[in-house]
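Now for the letters of each chain:
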Amino acid sequence: MIIGAGFGGIAAAIELLRYGFTDVTILERGPGIGGTWRFNSYPGAACDVPSHLYSFSFAQRRDWSRLCSPQQEILEYLEGVARDRGIDRLVQTGVEVAACRWDDASATWTVSSADNRQWEADAVIVATGQLHQPSFPRIEGTFAGHSFHSAAWDHDYDLRGKRVAVIGTGASAVQFVPEIAPLVGRLHVFQRTGNWFLPRENRPYPRWMRWLVQHVPGVQEFRRRFIYEYGESLTLMIRHPRTLGRIGSLKSTLFMRKQVPDPELRRRIWPDYTFGCKRVLFSSFFLPALGRPNVELVTEPIAGFAGDRVVTADGRERELDCVIYGTGFKTNDFMFPMEISGTGGRSLREAWAEGPHAHNGICVPGFPSLFVMYGPNTNTSGGSIILYEEAQAAYIRQALALVRARAAAAIDVRPEVEAASDRAVQARFAGTAWTACDSWYRDQSGRIVANWPGYMREYEAAVRVLDPSEFTFVPIPDREPVAA
Ligand code: NAP
C-alpha cells in the first residue's frame, strides 16, 4: 500500500512493478495524481530546480519548454509517466488515509480511511512528503474579507483591482507576487524575515536550444550532470558558510543590490542570517515587484485582524479585500495527523515524541515494513528531491525483496542502527549554515529534522545497497523465526 500519488508514491510504484511486486495500491487524497504539483497551482507556480534534473532518471524528456518548468507542465509529465507505466490504474483518488495499524498476531497492516474504509497490506509506503499540509499563522481576531492559502489558490476569486495582503515571502510567495502585482489595486506584502536571492528569469527556451537538446547526442545528459553539480555546489556553500559560502553570499549580494537600488527598501529586505540557512530564493522578478507604485512591503509585525482591516504592531490599519497566505507548510508534521501504530500498539507520535527520525529517513524501528518517502532528514537545499525519491524507492524494493527471499512477514530496522544513523546525521550539521537561523527545517526543539546534511551523491550512496544485518525479520505467524 502506497499512500500519496505525488512524485514519491509514483516512483515507489514504478520500482515495485519493475521488480515483480504486482499487488500495489496507491491511495491519494486529491482528485488525481500529482501531489504538491496538483495542489500548488498559484499564478507563476514553477519548479526552481531545472527540469532536466527535476525529473525521473528513467523518464528523461528533451522537450521541456524552459529551464524551470511551470506547474502544469510538471503535472502533465508526472501523469504521463504514470500512464505510460500503468501506474494510474493502481491509484484510488479521494481517499484520505486516517490510520495505519500493525497487527502483531497477523503480521499485517490495516490501513483505514477517514470515511471508514479499510485495506489490508503486507507493507505500507507513506509517501505524503513534507510539503502537503498548509500552515496558517496564528493571528488575533478574524478577517472579514476573502482569504486563501497559496497551496489552495482560489482561481474563482477575481483579484483585479482588489486590496490584497500577502503574508509570507518564501519560495511560493516570490513566485506569485510578481504575477498578481500588476493585476491588483493595492498589494501589501508582509515580510517577517528577509531572504537571500539568486537570479532566475526562466524565459522559454529559444528554438535553437530546444533543437540542440533534442538532436545532439549527449546535450541532455550534459545538462542534467551540469545542473546536478550546480546543486552540489550550493550544498558545498551551505556546508562551508565561512569559506565557500561567502562566494554564494557575494553573488547574491551583487544581484540583490542591483535589483533594489533604493537603499531604504534594500535595508528592509536584507536577510540578517547566513547565506543558505533558509532556502535561497531564485527570482529575478520578486524584488523589482516590491518597487511598484501599488506595492508596499510591510515589515512591521501583524498584531491582528479587525473586520476588513489588518492591524500592525505600530497601530496602523490597512483595509483589505483579500488575504493570501504564503506561509508555507506544517513540515515537521510529516504524515500526521494520520495515526500510525506499530508493534505492541506503540504509536509513531510516541516514537517521535522528541522529533522525527528514521534510518536513512525511511525506516523506523518497531514499525515493520513501514517505509517513509521524503521522510525525516531527506529534504535538499541544493538539488532535486526526485533523485532522493528514486533512491528511496530502490531501497524499499530491496527491503521487500529480502522479505520475500527469506519467506518472512516483514522487515524491521534494528533500534541501535537507527539511533546510530540519526546521531551521525545530526552530527554532520555542526558548523553548517543550516544551524545559523530558525527555519522550517527545524522542529520546536531546534533539531534539524527536514534536511539531509550532505550532498545528493552521499545520500544516493548511503541507500544504494541495503545491508540486511541492519534489520530483523518478522516471521509469518506460526512459522519458524527468520534468521538474521
Ligand atoms: P516557506 O518557504 O516556509 O515560506 C513561508 C513564509 O511565510 C516565510 O516568509 C515565513 O517567514 C512566513 N511566515 C510563516 N509563518 C508566519 C507567521 N506566523 N507570521 C508571518 N510570516 C510567517 O513556504 P513556501 O514559500 O510555501 O515554500 C515552502 C517550501 O516549498 C520551500 O522552501 C520549497 O522547499 C518548496 N517550494 C519549492 C518551490 C520550487 O520552485 N521548487 C516553489 C515553492 C515552494 P519566515 O521566513 O520568517 O519564517
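My aim in this report is to walk through the structure given alongside it, one point at a time. Not measured: the values here are computed from a predicted model. (Residues numbered from 1 in each chain as written. Predicted model: local features only at pLDDT ≥ 70, side-chain atom pairs only at ≥ 80, totals over all residues. Heavy atoms only, no water.)

Observations concerning the sheet that holds strand E15 (residues 309-312)
Here is the rule: If DSSP finds at least two bridges between two strands, the strands pair. Helix and strand labels come from DSSP, where a helix needs a run of H or I of at least four residues and a strand needs a run of E of at least two; each type is numbered from the N terminus. Only the contacting stretch of a helix is used when fitting its axis, a line to C-alpha atoms as for every element, and angles between N-to-C directions run 0 to 180 degrees.
Taken in spatial order, the three strands of this open sheet run E14-E15-E16, and their pairing is antiparallel. In the strand order of this sheet, the two ends are held by strand E14 (302-306) and strand E16 (317-319), each with one partner. For this sheet, the mean inter-axis angle between neighbouring strands, taken without regard to orientation, is 25°. Taken together, the three bridges between E15 and E16 define a ladder with antiparallel strand orientation. Following the sheet pairing, Val311 is matched in E16 by Glu317.

Some points on the state of the cysteines
Stated precisely, the cut-off is as follows: Note on disulfides: each one is a pair of cysteine sulfur atoms within 2.5 Å. Residue burial is assigned from relative accessible area. The probe radius is 1.4 Å, only protein chains are included, and a residue is buried under 20% of its type maximum, exposed over 50%, and partly exposed in between.
In the structure shown here, the tally under the stated rule is one disulfide. Looking at the unpaired Cys68, the closest cysteine sulfur is the one in Cys47, lying at 6.5 Å. Among the residues examined, Cys68 registers a relative accessible area of 1% and is labelled buried.

Remarks on the pattern of salt bridges
Let me state the cut-off plainly: We count a salt bridge whenever a side-chain nitrogen from Lys or Arg sits within 4 Å of a carboxyl oxygen from Asp or Glu.
Tallied over the entire structure, the rule returns 23 salt bridges. Linking Arg225 and Glu229 is a salt bridge whose minimum nitrogen-to-oxygen distance equals 3.1 Å. Placement of both Arg225 and Glu229 in helix H6 (residues 219-239) is noted, with a separation of four residues, approximately one turn of the helix. Residue classification places Arg225 among the partly exposed positions, given a relative accessible area of 46%. The salt bridge partner of Arg457 is Glu229, with a shortest N-O separation of 2.8 Å. One end of the pair, Arg457, is in helix H13 (residues 456-464); the other, Glu229, is in helix H6, with 228 residues separating them in the sequence. Looking at Arg457, the relative accessible area reads 38%, which means it is partly exposed. By sharing partners, the salt bridges in this structure join Arg225, Glu229, Glu232 and Arg457 into a single network.

Remarks on the environment of Ile227
Applied cut-off: Should any heavy atoms of two residues lie within 4.5 Å, those residues are counted as being in contact.
Topologically, Ile227 is positioned in helix H6. Separated by 178 residues in sequence, Ile227 and Val49 have C-alpha atoms that sit 8.5 Å apart. Sequence-distant contacts of Ile227, that is, excluding residues within four places in its chain, are made with Pro50, His52 and Leu53.

Here we look at unusual backbone geometry
The omega torsion of the bond from Phe336 to Pro337 falls at 15°, within 30 degrees of zero and hence cis. Relative to the helices and strands, Pro337 is located in the loop between strand E17 (322-325) and strand E18 (339-341). For Ala107, which is not glycine, the phi dihedral falls at a positive 55°. Along the chain, Ala107 turns up in the loop between strand E4 (97-103) and strand E5 (108-113). The class for Ala107 is buried, based on a relative accessible area of 3%. Backbone geometry places Ser369, a non-glycine residue, at a positive phi of 50°.

Considerations on the nonpolar core
Looking at soluble globular proteins, one finds that nonpolar side chains tend to be buried together. To be explicit about the condition: Take the buried Ala, Val, Leu, Ile, Met, Phe, Trp, Tyr and Cys residues and link them wherever side-chain atoms come within 4.5 Å; each set so joined is a nonpolar core.
Formed by 75 residues in total, the largest nonpolar core has its most connected members in Ile2, Phe7, Ile10, Ile26, Tyr54, Phe56 and Phe371. Counting residues per element, this core draws most heavily on helix H11 (residues 385-405), which supplies 12 residues. Contact partners of Ile2, with chain neighbours within four places excluded, come to Gly9, Ala12, Ala13, Leu16, Val24, Thr25, Ile26, Leu27, Ile125 and Ala127. Residues Ala45, Tyr157, Phe197 and Phe275 belong to the second largest nonpolar core, which totals 42 residues.

Re the site of the ligand
How we decide: Proximity criterion: a residue is near a molecule or strand once any of its heavy atoms comes within 4 Å of it. Any pair of nitrogen or oxygen atoms within 3.5 Å is treated as a polar contact; in protein, a donor-acceptor pairing is required on top of that, and neighbouring residues in sequence qualify only through side-chain atoms on both sides. Under the convention used here, a 1.4 Å probe and the Shrake-Rupley method define accessible areas, while residue burial counts only the protein chains that appear. When residues are sorted by character, Ala, Val, Leu, Ile, Met, Phe, Trp, Tyr, Cys and Pro go into the nonpolar class, Asp, Glu, Lys and Arg into the charged class, and all the rest, Gly among them, into the polar class.
Close to the ligand lie 21 residues; Ala46, Asp48, Thr169, Ser172 and Thr193 are nearest. Backbone polar atom of Gly170 to an oxygen atom of the ligand: 3.4 Å apart, as the coordinates give it. Between Thr193 and the ligand, the recorded distance is 2.3 Å, taken from a side-chain N or O atom to an oxygen atom. Contact with the protein chains covers 82% of the free accessible surface of the ligand, which is 910 Å². Residues of the shell around the ligand, tallied by class, amount to eight nonpolar, nine polar and four charged.

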